[in-house]
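# What the coordinates show
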Amino acid sequence: MSLVVLGLQTTMVGIGVFWSLALTGFCVLTAALTATISDQVPVGQRGYVSGWISAPQAIGIILGVSLVTYVFVGALVGYTAMAVLLVLLVLPFLFLPDAVLPPHLRERMTFRGVIEGLWISPREHPDFGWTLLSRVLVNFGNAFGTSLLLYFLEFGLHDEHADDDLLVLILIYMVFVIIASLALGRLSDRLGRRKAFVFVSSALQGVAALLLAFVPELSVAMVAAGLLGLGYGCFLSVDQALATQVLPDPENRGKDLGIMNIATAVPQAMAPLFGAAIVAALGGFVGLFVLSGVFAFAGALAVARVKAVR
């Protein structure tokens, strides 16, 4: 419903309100999907299944950009089409057998209980804490490296074809996200290892960010886009599998994975604002991409502290 109404908006306030409502719905949907992985998927298949949740997001971005760029339809028709597709593509999930908690085992939900449940002591559950910190850092690093690429092309490289070249970078990035999330998620399952994949994928994104910082050329940006996609695609699938294996309480997996999802959503939402301030303060993009690399490398170091999962 929010996507349909979004297509009718002509003001920034209207766009902000209904896009926020749409994002709220997507976050609820994602929480249910990720909780189902922990509930129903064996540990040895979670990397591959997580890849099949991550890869379609990249495919959707490619198709969405293509729809906006090459298929000349109005905003209302375009957003309505996406709304209809969203509902249709979620329908198969309703046929998944799902264990329902008996009423007598359900805890009464209170506002205080929900707020208190958001705190998970990193001292009592250090593996959860390190995984959460790693996810926050890597997602900030990725968002710093990708969210302002258009302005980097326009004002950093003075690219006269910035819009077209941005589409090329997005395509390269997303193709590698798709390949990495599926192939490396499955390889992680077969080898029975998570930390090494998350560590390398985080470090790879750091290398890509430093390339953007110190070799500001379009051809290098294409290589960096591929490395960013390869690293982030692997991170999306394997880190999700890792997260399901460090949860503190089996009875609260949905809530705990919801906290993990916050660690993905908040950096992606806040990084463009912080990134723009960094570029303005430093008078260029070098500082932004260096910071992106620092966050990615820090995320790699954080996941290395996880003890319970190989």
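Scroll up a little and you will see the structure.
Let us look at the structure shown here. (Residues numbered from 1 in each chain as written. Predicted model: local features only at pLDDT ≥ 70, side-chain atom pairs only at ≥ 80, totals over all residues. Heavy atoms only, no water.)

### Some points on the overall build of the protein chain
- A count of helical and extended segments in the protein chain gives 12 helices and zero strands.
- The secondary structure elements of the protein chain, listed N-terminal to C-terminal, are α-α-α-α-α-α-α-α-α-α-α-α.
- In terms of overall dimensions, the protein chain is globule-like: its C-alpha atoms have a radius of gyration of 20 Å, near the 19 Å expected for 310 residues.
- When the 310 residues of the protein chain are sorted by exposure, 38% land in the buried category.
- Accessible area of the protein chain: about 16900 Å², with a carbon and sulfur share of 72%.
- The protein chain carries 16 positive and 18 negative side-chain charges, and their two centres are separated by 15 Å. (Helix = DSSP H or I, 4+ residues; strand = E, 2+ residues; numbered from the N terminus. Rg over C-alpha atoms; globule rule 2.2 N^0.38 Å. Buried < 20%, exposed > 50% of the residue type's maximum accessible area, 1.4 Å probe, protein only. Areas by Shrake-Rupley, 256 points an atom, 1.4 Å probe, with all protein chains shown as cover. Lys, Arg positive; Asp, Glu negative; His and termini not counted. Charge placed at Lys NZ, Arg CZ, Asp CG, Glu CD.)

### A short note on a nonpolar patch on the surface
- The grouping of Val84, Val87, Leu88, Leu91, Leu94 and Phe95 at the surface amounts to a nonpolar patch, some 640 Å² of accessible area in total.
- By the secondary structure assignment, Leu88 is in helix α4 (residues 75–90). (Patch = residues over 30% accessible without salt bridge, like charges linked within 9 Å, V, L, I, M, F, W, Y side chains within 5 Å. Salt bridge = Lys/Arg side-chain N within 4 Å of Asp/Glu carboxyl O.)

### As for unusual backbone geometry
- The phi dihedral of His158 is positive, around 55°, even though this residue is not glycine.
- As for its position among the elements, His158 is in the loop between α7 (149–156) and α8 (162–191).
- Among the residues examined, His158 registers a relative accessible area of 60% and is labelled exposed.

### Comments concerning the packing of aromatic side chains
- If you walk through the whole model with that rule in mind, you get nine aromatic pairs.
- Among the aromatic residues, ring-to-ring pairing joins Phe140, Phe144, Phe274 and Phe295 into one connected group.
- The ring of Tyr48 has Arg186 lying over it, and the distance from NZ or CZ to the ring centre is 4.6 Å. (Phe/Tyr/Trp six-rings, centres within 6.5 Å; stacked < 30°, edge-to-face > 60°. Lys NZ or Arg CZ within 6 Å of the ring centre and 35° of its normal.)

### Observations concerning the nonpolar core
- Membership of the largest hydrophobic core comes to 51 residues, with the highest contact counts inside it found for Phe152, Tyr173, Leu212, Leu288 and Phe289.
- Elements represented by at least two residues in this core include exactly α3 (46–70), α6 (126–146), α7, α8, α9 (195–214), α10 (218–244), α11 (253–282) and α12 (286–303).
- Here this core takes 10 residues from α10, the largest share from any one element. (Core = buried A, V, L, I, M, F, W, Y, C linked by side-chain atoms within 4.5 Å.)

### Notes on the side chain of Arg135
- Locating Arg135 in the fold gives a position in helix α6.
- Judged by its relative accessible area of 3%, Arg135 is buried.
- What Arg135 contacts, discounting residues up to four positions off in sequence, is Phe235, Asp239, Gln240, Ala243, Met260, Asn261, Ala263 and Thr264. (Contact = heavy atoms within 4.5 Å.)

### Examining the pattern of salt bridges
- Across all of its chains, the model carries four salt bridges by this definition.
- One salt bridge in this structure joins Arg194 and Asp189, with 2.8 Å as the shortest N-O distance.
- Judged by relative accessible area, Arg194 falls into the buried class, the value being 3%.
- Classification of Asp189 by relative accessible area gives buried; the value is 12%.
- Salt-bridge contacts for Lys255 lead to Asp256; the nearest nitrogen and oxygen are separated by 2.8 Å.
- Its relative accessible area of 33% is what places Lys255 among the partly exposed residues.

### Observations regarding the packing of α8 against α10
- α10 packs onto α8 with a crossing angle of 35° between their chain directions and a minimal axis gap of 6 Å. Along this stretch, α8 crosses α10, giving a crossing that reads as right-handed.
- In terms of residue class, the contact of α8 with α10 is built from 18 nonpolar, seven polar and one charged. (Axes fitted to C-alpha atoms, helices over the stretch in contact; angles between N-to-C directions. Left-handed = near helix turned anticlockwise from the far one by under 90°. Nonpolar A, V, L, I, M, F, W, Y, C, P; charged D, E, K, R; others polar.)

### Thoughts on the environment of Gly233
- Relative to the helices and strands, Gly233 is located in helix α10.
- A sequence separation of 182 residues divides Gly233 from Gly51, and the C-alpha atoms of the two residues are 8.0 Å apart.

### Some thoughts on the side chain of Asp189
- Along the chain, the position of Asp189 falls in helix α8.
- Not counting residues within four places of it along the chain, the set of residues in contact with Asp189 comprises Val43, Gly44, Gln45, Arg46, Gly47, Tyr48 and Arg194.

### Brief notes about the environment of Ser147
- With respect to the helices and strands, Ser147 occurs in the loop between α6 and α7.
- For Ser147, a relative accessible area of 30% gives the class partly exposed.
- Between the C-alpha atom of Ser147 and that of Ala277, which follows or precedes it by 130 residues, the distance is 13 Å.
- Contact partners of Ser147, with chain neighbours within four places excluded, come to Ala271 and Pro272.
- At 2.7 Å, the side chain of Ser147 forms a polar contact with the backbone oxygen of Ala143. (Polar contact = N/O pair within 3.5 Å; in protein donor to acceptor, adjacent residues only side chain to side chain.)

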